[in-house]
Amino acid sequence: MNFDGVLCFIGGFGKFQKILFVWICLPQIFLAFHMLVSVFTGAVPPHLCRSSGGALAPADFNFSHVATVGVRHDGSCAVPLNHSGAAALADGHRTGTCQGGWEYSTETFQSTTVTEWDLVCDSASMNNMGSSVYMFGLLVGAVVYGSLADKYGRRIIILVNLAIQTVFGVGAAFAPNFYVYIALRFVVGTSISGVIMNAFVLGTEWTGPKQRMLAGIITDYFFGFGYILLAGVAYLIRDWRKLQLAISAPGFLFISYIWVLPESARWLMANDRKEEACELICTAAQMNGRPLTKDLEMCQVHNVEEKTVVKKKYSFIDLVRTPTMRKQSFIVFYIWFANVLVYYGLSLNISDFGMNIYLTQMIFGLVEMPARTITLFTLNRSRKLSQLAFMAVGGSACLLTIFIPNELSVVKTVLAMIGKFGITASLSIIYVYSAEVFPTVIRLHIQGLTRRLMWGKSHS
């Protein structure tokens, strides 16, 4: 009897698994916070150069004049010579570089990393570098923690990364300079990969084959809930340091996971830790109302089967060793690339749509809920057709936004929402698809490789 047979016998999604998914899903809210908080903490408000004497802009100065010239373009980075005001910039007078520092609008944000460290104009690339370093952290985490989880187990890696995420996330709120800040964000990024990958795998390895699709998508709902909740938290907390602290400090509550989070029995079996695996299986069976009565005979049988399998070591090379595996791997790589590129391209650039940033964030989060839900019905019909259809919807809507003028910001945002709907559904499907199409022994390899390839590209 293989492990899926054991799960069917003790209950593929009983009380034990439901409680497990509560523990797995709660961190997803905070993962969404950390993944998307740079939309607010790294926002670039309208800004104006102070005079060389350091005089501030008048209290009644309307920064919208600067914004009309272009908040992120040369208009707000140029200083009129022998003229004053944004009108001089628009009239085409001679300009120079800013010597007196910058004055920022506080209408939307009290402070951001941009306003604190003047990451505008000549220093604007530093802000982009901060996002790239964070994404590089995701890539490194996928490489490191995917391999470590295969060696030391899913549970310990999740616990370690939750601790790292909390400690370094709180540290980022007190960063004395931008370089320390991006270094701390880099470490947070590595931990995000460690939690996402191993929580997903831990959940699916404890879930029966028939319920695995539903279980895989449940975690996505909580990520979407975090997406929506972040809009409210950021709206209430306009200072970037306080916001960073607010999304990080609650992570200390996850210390309780030391006592409640179980290891993967499937991983224990594969690593010849029979007694621990059988003890967990008995616990799960008892909680699911299907107690074992035969001295763990099925565990003994399964252990013999697993021992013959794990004698061979598997690596990334096995993903391309045979023609069939090569074809499957490259197709999955491409689908991950397209999905992650579009998903995070939309999610991290909502300020480009010209509407209220908090409202747009909330709407984009709300769109995720029906997108996740519809996949529960379409996946039962055809994985392949569902994947293709939702990618087509998402891609087509995003392409159409190219042809919409900036003045029609509402139309552009609606198309982006449709694109977000399609790509979110597609991303949910590829999570399940890639978990099902590859054997258990290389499942974490494909999860880790696709994530590090795609997260690395999403901010390049």
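Parameters and conventions
Residues numbered from 1 in each chain as written. Predicted model: local features only at pLDDT ≥ 70, side-chain atom pairs only at ≥ 80, totals over all residues. Heavy atoms only, no water. Core = buried A, V, L, I, M, F, W, Y, C linked by side-chain atoms within 4.5 Å. Buried < 20%, exposed > 50% of the residue type's maximum accessible area, 1.4 Å probe, protein only. Helix = DSSP H or I, 4+ residues; strand = E, 2+ residues; numbered from the N terminus. Phe/Tyr/Trp six-rings, centres within 6.5 Å; stacked < 30°, edge-to-face > 60°. Expected span 1.5 Å × (residues − 1). pLDDT = per-residue confidence, 0-100. Contact = heavy atoms within 4.5 Å. Patch = residues over 30% accessible without salt bridge, like charges linked within 9 Å, V, L, I, M, F, W, Y side chains within 5 Å. Areas by Shrake-Rupley, 256 points an atom, 1.4 Å probe, with all protein chains shown as cover. Salt bridge = Lys/Arg side-chain N within 4 Å of Asp/Glu carboxyl O.

1. Things to note about the nonpolar core
Judged by nonpolar contacts, the single largest core of 74 residues is most densely connected at M35, F40, I192 and W206. Of all the elements, helix α2 (residues 15-36) adds the most residues to this core, at 10 residues. Core analysis: the next-biggest nonpolar cluster, separate from the first, contains 17 residues, L119, V120, M126 and I182 among them.

2. Observations regarding the packing of aromatic side chains
Inspection of every chain in the model, using the stated rule, returns 19 aromatic pairs. When the ring of W117 is compared with that of Y181, the centres are 6.0 Å apart and the planes differ by 45°; the resulting orientation is tilted. Residue W117 is found in helix α6 (residues 113-117), and its partner Y181 is found in helix α9 (residues 178-205); the two are separated by 64 residues along the sequence. Y181 carries the same exposure label as W117, and that label is buried.

3. What to know about helix α7 (residues 124-152)
Taking 1.5 Å of rise per residue, the 29 residues of α7 would be expected to cover 42 Å, and the 42 Å separating its terminal C-alpha atoms lies within 8% of that figure. Taken residue by residue, α7 has M126, N127, G130, Y134, M135, G137, L138, G141, A142, Y145, G146 and A149 as its buried positions. Positive backbone phi, approximately 110°, marks G153, located one or two places after α7.

4. Considerations on unusual backbone geometry
For D118, which is not glycine, the phi dihedral falls at a positive 50°. Assignment of secondary structure puts D118 in the loop between α6 and α7. On the basis of relative accessibility, which here comes to 30%, the residue D118 falls in the partly exposed class. If you check the backbone angles, D272 has positive phi at about 60° while not being a glycine. If you trace the backbone, D272 turns up in the loop between α13 (265-270) and α14 (274-287). By relative accessible area, D272 is classed as partly exposed at 45%.

5. Digging into the confidence of the model for the chain
For the chain, the average pLDDT comes to 80, and 78% of its residues sit at 70 or higher. Per-element confidence in the chain ranges from a low mean pLDDT of 44 for helix α4 (residues 64-70) to a high of 96 for helix α11 (residues 240-248). In the predicted structure, residues 81-90 sits below a pLDDT of 50 and forms 17 contacts with residues beyond four places in sequence or in another chain. Counting interchain partners and residues more than four positions distant, the pLDDT-below-50 stretch residues 304-311 has eight contacts.

6. A look at a nonpolar patch on the surface
Where nonpolar side chains cluster on the molecular surface, the patch consists of I255, I258, W259 and V260 and spans about 440 Å² of accessible area. With respect to the helices, strands and loops of the structure, W259 is situated in helix α12 (residues 257-260). Given the relative accessible area of 67%, W259 is considered exposed.

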